[in-house]
Amino acid sequence: MDTTAPRAALLVEHADVVVTLDASRRELRDACVLAVDGRIEAVGPRAEVEAALAAARASGRIGARLRRIDASGCVVTPGLVNTHHHMYQSLTRAVPAAQDADLFGWLRTLYPIWARYTPEMFATAAEVAMAELLVSGCTTSSDHQYIFPNGARLDDTIEVARRIGLRFHACRGAMSVGESAGGLPPDSVVEDEDAILEDSERVVRRWHDASHGAMTRVALAPCSPFSVSPRLMREAATMARRLGVRLHTHLAENDDDVAYSRETFGMTPAEYAESVGWLGDDVWHAHCVKLDAPGIARFGATRTGIAHCPCSNMRLASGIAPTPAWRRAGLRVGLGVDGSASNDGAHLLGEARQAMLLARVGHGPAALRARDALEMATLGGAAVLGRDDIGALVPGMAADLAVFDTGGLEHAGVHDAVAGLLFASPVRARFTVVGGRVVVDEGRLATVDVRDLTRRQRAAVAMLSTV
């Protein structure tokens with residue numbers, strides 16, 4: 001690449017507030033953000049940023065390709081970060097038999113439906129999920145796919161993310177312990193463990209990019225204590241550390257999950273995770289609603305991360321997560337929308353709002369402030385995913401940002417525009433920018449044909465609905 005050639009640039013100007021989430025947590029009024037070649041170049045008052053723009057032009061670093069976005073009446077935030085999802089579930093929302101079930105009953109109802117998926121269905125479901133996330137202001141998402149029927153591969157969803165423009169952490173999940181061996185999933189949907197490990201290494205070597213601003217990264221993610229063996233957990237951890245990638249799984253989601261660990265392994269979920277090498281700053285666990293006090297202390301001491309999924313936890317009646325205790329222990333906590341069969345939507349700003357409200361239901365009115373919830377959805381998620389190049393609007397970081405219009409009915413009467421993003425009804429992003437690329441433009445997806453996508457989604461759902 002010729003690094004001296006003029007590069008594309010983006011100037012977001014006249015924002016009512018720019019929430020930088022820099023080290024000083026500055027919130028800048030009537031401010032601008034300049035991005036050059038996918039990275040933040042300058043953030044600040046108009047005169048300061050225009051001077052940076054002029055200097056970049058004079059040096060030849062910016063050519064004629066400058067896109068200006070008028071953010072008057074808007075709040076600009078770092079792009080939101082989703083740390084836990086099952087994108088394939090976008091084709092199984094509000095399934096009647098699963099509407100009023102707890103976690104284990106819900107899973108037993110849906111496993112047979114997911115077993116009928118084709119590779120094309122996985123791709124369509126992922127595209128739906130990614131489109132939803134982008135219009136909610138989300139710029140980075142993980143995805144935990146742990147079922148691979150009928151020739152499906154993790155590659156199918158990775159290719160969708162690269163086309164749609166979402167920064168993507170693909171988690172190669174797996175299930176290997178079926179009902180006949182004491183696990184929860186039916187035997188028809190589990191895989192051979194040696195085959196899982198072989199494909200896991202293949203996917204990492206094919207797709208993982210550790211560079212600054214990488215659009216695609218891969219994690220290893222055996223599904224849960226009740227669907228994989230201790231041997232697979234240990235060998236996945238060894239492989240991940242050899243290859244330099246992260247580890248992800250579910251843990252301590254509800255009382256049944258805890259009971260399974262105690263009955264099967266003779267340990268609490270946290271004790272089990274530690275016994276198989278699944279604590280550390282390269283690990284993040286989803287849910288952890290029932291993580292006990294010793295477990296919270298071990299997570300804090302080892303800098304193990306948590307993906308907090310409040311909507312799913314409420315939908316499946318899993319409980320109220322101890323977010324204040326997590327925060328006191330210094331845990332890294334991000335947000336996850338979880339799968340669209342246990343949330344039935346993927347609006348990350350809405351998830352941040354629910355995190356704030358649910359914490360208050362369980363732990364008092366000051367348990368989680370609006371700005372804390374927003375930070376959990378940005379910097380917190382970046383930390384959980386092991387990234388220091390996203391989550392804040394700081395020069396040198398990836399140019400991922402969301403522009404939220406606060407001039408509508410949803411925000412009428414709001415006195416604090418930043419807090420209003422969380423307290424008022426969640427709005428869609430007016431613009432979403434990933435790596436300097438505008439992927440949501442004036443509220444419309446720029447990289448997706450929505451009519452074609454919804455047609456394909458309806459056709460897939462119709463096929464799944466027939467027995």
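Just above, that's the structure.
Residues numbered from 1 in each chain as written. Predicted model: local features only at pLDDT ≥ 70, side-chain atom pairs only at ≥ 80, totals over all residues. Heavy atoms only, no water.

### Considering the packing of helix H3 (residues 119-135) against helix H15 (residues 450-465)
A pair of packed helices is characterised by two quantities: the angle between their axes and the separation of those axes. This is how the line gets drawn: Axis geometry follows a simple rule: fit a line to the C-alpha atoms, using only the stretch in contact for helices, then measure angles between N-to-C directions, giving values from 0 to 180 degrees. A run of H or I in DSSP counts as a helix once it spans at least four residues, and a run of E counts as a strand once it spans at least two, with each numbered from the N terminus. By definition in this entry, angles of less than 35 degrees are roughly parallel, angles greater than 145 are roughly antiparallel, angles of 65 to 115 are roughly perpendicular, and the rest are oblique. Crossings are assigned a handedness: left-handed for a near helix turned anticlockwise from the far helix by less than a right angle, right-handed for a clockwise turn. Two residues qualify as a contact provided that any one of their heavy atoms is within 4.5 Å of a heavy atom in the partner residue. Under the convention adopted here, Pro, Cys and the residues Ala, Val, Leu, Ile, Met, Phe, Trp and Tyr are nonpolar, Asp, Glu, Lys and Arg are charged, and Gly plus all remaining residues are polar.
At their nearest, the axes of H3 and H15 sit 10 Å apart, and the two run at 130 degrees to each other. With respect to H15, the element H3 is oriented oblique. Note on packing geometry: the crossing formed by H3 with H15 is left-handed. Packed against H3, whose contacting residues are Met121, Thr124, Glu127, Val128 and Ala131, the element H15 presents Leu453, Arg456, Gln457, Ala460, Met463 and Leu464 at the interface. Per-class residue counts for the contact of H3 with H15 are seven nonpolar, two polar and two charged.

### Focus on the pairing of strand E8 (residues 167-174)
Basically, it comes down to this: Relative accessible area decides the class of each residue, using a 1.4 Å probe on protein chains only: under 20% of the type maximum gives buried, over 50% gives exposed, and in between gives partly exposed. Strands pair, by our definition, only if DSSP identifies at least two bridges between them. A crossover counts as right-handed when, viewed with the strands pointing away from the observer, the path leading from the first strand over the helix to the second turns clockwise.
Most of E8 sits out of view: eight of its eight residues are buried. Here E8 shows a buried face lined by Arg167, His169, Cys171 and Gly173 and a second buried face lined by Phe168, Ala170, Arg172 and Ala174. Sheet topology note: the strand E7 (residues 138-145)/E8 ladder contains six bridges and is parallel. Bridge pairing links threonine 140 to arginine 167 in E8. Read from E7 through helix H4 (residues 154-164) to E8, the crossover connection turns out right-handed. Where E8 and strand E9 (residues 216-222) come together, seven bridges link them in parallel fashion. By the bridge assignment for E9, cysteine 171 is matched with alanine 219. On the question of chirality, the crossover connecting E8 to the parallel E9 by way of helix H5 (residues 193-207) is right-handed.

### Points about the environment of aspartate 441
Definition in use: N or O atoms within 3.5 Å of each other form a polar contact, as long as, within protein, one can give a hydrogen and the other can take it, and as long as residues adjacent in sequence are counted only when both atoms are side-chain atoms.
Turning to its location among the elements, aspartate 441 is positioned in strand E16 (residues 437-441). It is 8.9 Å that separates the C-alpha atoms of aspartate 441 and alanine 429, two residues lying 12 residues apart in sequence. Look past the residues within four positions of aspartate 441 in its chain and what remains in contact with it is Arg67, Arg430 and Phe431. At 3.1 Å, the side chain of aspartate 441 and the side chain of arginine 67 are in polar contact.

### Considering the pattern of salt bridges
What counts, and what does not: Criterion for a salt bridge: a side-chain nitrogen of Lys or Arg within 4 Å of a carboxyl oxygen of Asp or Glu.
Inspection of the entire model under this criterion finds 35 salt bridges. A salt bridge links arginine 456 to glutamate 127, with the nearest nitrogen and oxygen atoms 3.1 Å apart. Taken together, the residues span a long stretch of sequence, with arginine 456 in helix H15 and glutamate 127 in helix H3 at a distance of 329 residues. Its relative accessible area of 23% is what places arginine 456 among the partly exposed residues.

That's the geometry; what it means functionally is another story.
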